[in-house]
Amino acid sequence: QVQLVESGGGLVQPGGSLRLSCAASGSIRRINIMAWYRQPPGKQRELVAGISRGGGTNYAGSVKGRFTISRDNAKNTVYLQMDGLKPEDTAVYYCNADVLTAGAVRYADYWGQGTQVTVSS
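Residues numbered from 1 in each chain as written. Predicted model: local features only at pLDDT ≥ 70, side-chain atom pairs only at ≥ 80, totals over all residues. Heavy atoms only, no water.

Draft legend 1. How the structure looks around the pairing of strand S1 (residues 2-7). Burial along S1 is one-sided: Val2, Leu4 and Glu6 are buried, and none of Gln3, Val5 and Ser7, which face the opposite way, are. Bridge analysis of S1 against strand S3 (residues 18-26) gives six bridges, and the strand direction is antiparallel. Note that in S3 the partner of Val5 across the bridge is Ala23. (Buried < 20%, exposed > 50% of the residue type's maximum accessible area, 1.4 Å probe, protein only. Helix = DSSP H or I, 4+ residues; strand = E, 2+ residues; numbered from the N terminus. Pairing = 2+ DSSP bridges.)

Draft legend 2. The arrangement of the pairing of strand S11 (residues 115-119) in detail. The alternating pattern of S11 places Thr115, Val117 and Val119 on a buried face and Gln116 and Thr118 on a face that is not buried. When strand S9 (residues 91-101) meets S11, the two strands line up antiparallel, connected through three bridges. Counterpart to Ala91 in the pairing with S11 is Val117.

Draft legend 3. The sheet that holds strand S8 (residues 77-82), seen in detail. Across the sheet, which stays open at both edges, the four strands sit in the order S1-S3-S8-S7 with antiparallel pairing between neighbours. In this open sheet, the two strands that pair with only one neighbour each are S1 and strand S7 (67-72). Recorded for the sheet is a direction-independent mean angle of 15° between the axes of neighbouring strands. (Axes fitted to C-alpha atoms, helices over the stretch in contact; angles between N-to-C directions.)

Draft legend 4. Seen up close, the environment of Gln39. Here Gln39 is to be found in strand S4 (residues 28-39). In this view, Gln39 contacts Gln44, Arg45, Ala91, Val92 and Tyr94; residues no more than four positions away in its chain are not counted. Within the local environment of Gln39, its side chain forms a polar contact with the backbone oxygen of Lys43, the two atoms lying 3.1 Å apart. (Contact = heavy atoms within 4.5 Å. Polar contact = N/O pair within 3.5 Å; in protein donor to acceptor, adjacent residues only side chain to side chain.)

Draft legend 5. Here's a closer look at the state of the cysteines. Evaluation of the coordinates by the stated rule reveals one disulfide. The disulfide that involves Cys22 links it to Cys95, with 2.1 Å between the sulfurs. With the S-S dihedral at roughly -80°, the linkage between Cys22 and Cys95 falls on the left-handed side. Of the two residues, Cys22 sits in strand S3 while Cys95 sits in strand S9, which places them 73 residues apart along the sequence. Overall, the relative accessible area of 0% leaves Cys22 in the buried class. A relative accessible area of 0% places Cys95 in the buried class. (Disulfide = S-S within 2.5 Å.)

This is the structure we're talking about:
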């Protein structure tokens, strides 16, 4: 029904930047909240940033001022610009979207497959 495909992960040195993208496709009528989560090695998945359809944003305290979330509603795509990366940002990053599909009466939660971000010298 709905697929979320992330791209843009990789290996970067401390202080560097990466930009993640997540494109949603399928039988989509409308997307409400889009968000990025991450799961560091051996830890639980945590919210990094979220953005509403109207552009309202929220961030985890650990990334505020360094990461910027944005979206393109026409393309059903969400982005995460990550600057000033630190080794503790190393994790698998997952895209999440709250989607109303064709024929549905309520929104459902969808996840991408994850993209690895490694911050190391």
